[in-house]
Amino acid sequence: MAKIKPSKGAPYARILGVGGYRPTRVVPNEVILERIDSSDEWIRSRSGIETRHWAGPEETVTAMSLEASGKALADAGISAEQIGGVIVSTVSHFRQTPAVATEIADKLGTDKAAAFDISAGCAGFGYGLTLAKGMISEGSAQYVLVIGVERLSDLTDLEDRATAFLFGDGAGAVVVGPSEEPAIGPTVWGSEGDKSDTIKQTVPWTDYRDGTVDKFPAITQEGQAVFRWAVFEMAKVAKEALDAAGLSPDDLDVFIPHQANVRIIDSMVKTLKLPEHVTVARDIRTTGNTSAASIPLAMERLLATGEAKSGDTALVIGFGAGLVYAATVVTLP
Amino acid sequence: MAATQEEIVAGLAEIVNEIAGIPVEDVQLDKSFTDDLDVDSLSMVEVVVAAEERFDVKIPDDDVKNLKTVGDATEYILKHQA
């Protein structure tokens with residue numbers, strides 16, 4: 001039997017740079033209230049959201065990804081030609097084939113980097129990061145770009161008072177590369193398909209095409225069920241990720257949960273009993289819920305404002321439609 | 001040992017006080033969580049989870065929406081506690 005030569009990767013992986021793109025149009029709650037019977041106070045108290053960004057026609061999934069990726073590459077000091085893999089997590093790119101990652105890889109100027117899309121909802125960043133880490137440790141790529149990008153405004157029912165205010169658009173990207181020290185902890189991830197009805201697209205595209213429904217599909221969710229799962233089940237997952245990394249809450253500098261709702265974030269912090277010194281991302285207030293883009297966007301903002309600094313230890317956890325989740329501890333770039 | 005109605009109301013009052021900051025004496029059987037006690041739908045989930053732990057009872061999401069008043073919750077817990 002022929003002996004196959006094994007691939008050889010880096011000992012460990014780390015996030016080397018982060019970049020984000022927020023669409024130019026800022027949408028305050030007043031605009032949302034033109035279509036639903038609610039109030040600014042209600043929206044703020046239930047979600048923490050004051051404004052969100054909505055993408056214009058030119059701010060496509062590709063365009064936003066290129067902006068965020070360019071910043072992440074510059075932050076990492078890596079050129080596009082060095083990128084061996086491009087992973088894009090999105091649920092709001094409306095051309096299913098080919099994968100949008102291939103177009104992004106090309107337009108960025110990578111040298112035929114492996115490129116593919118993943119669908120893991122609001123856990124997409126953690127899923128992509130885990131794949132990137134594996135590719136680098138295994139040796140199939142030296143540097144990998146992980147992009148979370150959404151135009152959720154395209155999948156929002158502006159007449160649904162429970163979700164119309166919730167979603168935003170944007171892109172966040174990180175460059176993952178080799179490291180001599182562990183800088184991305186073990187991932188605790190999984191899926192709970194028995195809860196697939198909790199957050200979902202209202203109907204399949206084909207129902208809309210066939211005229212079974214009049215309304216374009218949108219994302220819908222069962223608020224209370226999602227809240228309970230996110231706060232209490234995901235706190236357990238976050239704790240497992242800390243344990244897996246051999247750390248305690250005291251070792252953390254930063255907590256970056258998926259920006260789903262400030263109430264979820266606050267309750268998670270309480271349930272996890274995070275110490276006062278831990279900086280908590282609450283980017284949701286001015287960004288809304290941007291699904292796969294939320295964690296890298298929040299990470300970029302914390303670093304840009306100086307609330308977090310390079311080398312800080314951050315617990316990141318994404319959770320959403322599937323239901324799916326992924327949590328890990330990272331060293332910030 | 002199963003909790004009595006009085007114990008459940010007192011326990012719920014402590015939970016509602018902890019989560020929504022409502023004075024314990026305001027938490028009475030006839031009070032509506034949303035209309036009288038300022039417990040919104042998300043805080044209600046926190047109340048329910050705390051009540052589950054305290055009274056060793058399971059309150060599924062589908063049943064939460066039927067618990068409009070403190071009396072509804074008390075009755076549910078009385079009936080379902082282990």
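Residues numbered from 1 in each chain as written. Chains lettered and ligands numbered in written order. Predicted model: local features only at pLDDT ≥ 70, side-chain atom pairs only at ≥ 80, totals over all residues. Heavy atoms only, no water.

### Thoughts on the UniProt feature "domain: Beta-ketoacyl-[acyl-carrier-protein] synthase III C-terminal" (unreviewed entry) in chain A
Stated precisely, the cut-off is as follows: UniProt positions are given in the numbering used here, feature names are shortened, and annotations may be inferred rather than shown by experiment. A run of DSSP states H or I qualifies as a helix once it reaches four residues; a run of E qualifies as a strand once it reaches two. Both are numbered from the N-terminal end.
The feature "domain: Beta-ketoacyl-[acyl-carrier-protein] synthase III C-terminal" (unreviewed entry), as given by UniProt, occupies residues 242–331 of chain A in the numbering adopted here. Strand forms 24% of residues 242–331 of chain A and helix 33%; the C-alpha atoms that close the span are 13 Å apart.

### What about the UniProt feature "modified residue: O-(pantetheine 4'-phosphoryl)serine" (unreviewed entry) in chain B?
What UniProt calls "modified residue: O-(pantetheine 4'-phosphoryl)serine" (unreviewed entry) maps, in this numbering, to Ser41 of chain B. In this fold, Ser41 of chain B is placed in helix 2 (residues 41–55).

### A few points about the packing of aromatic side chains
Residues and elements named next belong to chain A. We apply this condition: Classification of ring pairs uses Phe, Tyr and Trp, with its six-membered ring standing for Trp, and accepts pairs whose centres are within 6.5 Å; under 30 degrees between planes counts as stacked, over 60 as edge-to-face, and the remaining range as tilted. Exposed residues in this analysis have more than 50% of their type's maximum accessible area, buried residues have under 20%, and partly exposed residues fall in between, with area computed by a 1.4 Å probe over protein chains only.
Summed over the entire model, instances satisfying the criterion amount to eight aromatic pairs over all chains. Pairing Trp42 with Phe165 gives two aromatic rings, centres 5.9 Å apart and planes at 80°, and the pair type is edge-to-face. A residue pair is termed long-range when its members are at least 10 positions apart, and Trp42 in helix 2 (residues 40–47) and Phe165 in the loop between strand 6 (143–151) and strand 7 (169–179) qualify at 123 residues. Its relative accessible area of 4% is what places Phe165 among the buried residues. Measuring from ring centre to ring centre gives 5.2 Å for Tyr208 and Phe216, while their planes differ by 90°; the resulting arrangement is edge-to-face. On the accessibility criterion, Tyr208 (35% relative accessible area) is partly exposed.

### Let's talk about the sheet that holds strand 4 (residues 83–89) of chain A
Residues and elements named next belong to chain A. Under the convention used in this document: What makes two strands pair is DSSP finding at least two bridges between them. Interaxial angles span 0 to 180 degrees and are taken between N-to-C directions of axes, which are lines fitted to C-alpha atoms, for helices over the stretch in contact. Contacts: residue pairs with any heavy atoms within 4.5 Å of one another.
Read across the open sheet, the five strands follow the order 1-7-6-4-5; overall the sheet is mixed. Each edge of the sheet is formed by a strand with only one pairing partner; in this case those strands are strand 1 (12–21) and strand 5 (114–118). For this sheet, the mean inter-axis angle between neighbouring strands, taken without regard to orientation, is 20°. Alignment of strand 1 against strand 7, held across nine bridges, turns out to be antiparallel. Across the sheet, residue Tyr21 finds its bridge partner in strand 7, namely Ala171. Running at roughly 85° to strand 1, helix 10 (residues 294–305) makes contact with strand 1 and strand 7 of the sheet.

### Examining the UniProt feature "active site" (unreviewed entry) in chain A
Residue and element names in this part refer to chain A. Within this numbering scheme, the UniProt entry marks Cys122, His258 and Asn289 as carrying the feature "active site" (unreviewed entry). These annotated residues cover 168 residues of sequence, and their C-alpha atoms all fall within 8.9 Å of one another, placing them together at a single site. Position of Cys122 among the secondary structure elements: in the loop between strand 5 and helix 5 (124–138). Setting aside chain neighbours within four positions, we find Cys122 in contact with His258, Asn289, Ser291, Ala292, Gly318, Phe319 and Gly320. Structurally, Asn289 can be placed in the loop between helix 9 (284–287) and helix 10.

### Remarks on the UniProt feature "domain: Carrier" (unreviewed entry) in chain B
Residues annotated in UniProt with the feature "domain: Carrier" (unreviewed entry) correspond here to residues 3–81 of chain B. Secondary structure across residues 3–81 of chain B divides into 58% helix and 0% strand, with the first and last C-alpha atoms of the span separated by 8 Å.

### Comments concerning helix 4 (residues 100–108) of chain A
Note on helix geometry: an α-helix contains 3.6 residues per turn, so any two residues three or four positions apart are oriented the same way. All names here are of chain A. In plain terms, the rule: Directions from the helix axis toward the C-beta atoms define the arc.
When helix 4 is considered as a whole, its buried residues turn out to be Val100, Ala101, Ile104, Ala105 and Leu108. Projected onto a plane normal to the axis of helix 4, the buried residues spread over an arc of 140° and lie on a single side. Facing away from the buried side of helix 4 by more than 90 degrees, the exposed set consists of Asp106 and Lys107. Structurally, helix 4 contributes buried residues whose contacts are with helix 3 (61–76), strand 4, strand 5 and strand 6. At the C-terminal side of helix 4, Gly109 shows a positive phi close to 95°.

### Focus on the pairing of strand 7 of chain A
Residues and elements named next belong to chain A. In terms of burial, strand 7 is a largely internal element, 10 of the 11 residues being buried. When strand 6 meets strand 7, the two strands line up antiparallel, connected through eight bridges. When the sheet's bridge partners are listed, Val146 is paired in strand 7 with Val174.

### A word on the interface of chain B and chain A
Note: interface size is frequently given as the accessible area lost on complex formation between the parts. Here is the rule we go by: Summed over both partners, buried area is the accessible surface (1.4 Å probe) that two parts give up on being assembled. Polar contacts, as used here, are pairs of N or O atoms within 3.5 Å; protein pairs need one atom able to donate a hydrogen and one able to accept it. Residues neighboring in sequence count only if both atoms are side-chain atoms. For this classification, Asp, Glu, Lys and Arg are treated as charged, while Ala, Val, Leu, Ile, Met, Phe, Trp, Tyr, Cys and Pro are nonpolar and the rest, including Gly, are polar.
With 14 residues of chain B at the contact, the number on the chain A side is 11 residues. Between chain B and chain A the total buried area reaches about 1200 Å² when both faces are included, carbon and sulfur atoms providing 52% of it. Run the count over chain B and chain A and you get eight residue pairs in polar contact (both at pLDDT 80 or more). In terms of residue count, helix 2 of chain B provides more of the side of chain B that touches chain A than any other element does, nine residues in total. Classifying every residue of the side of chain B that touches chain A gives eight nonpolar, two polar and four charged.

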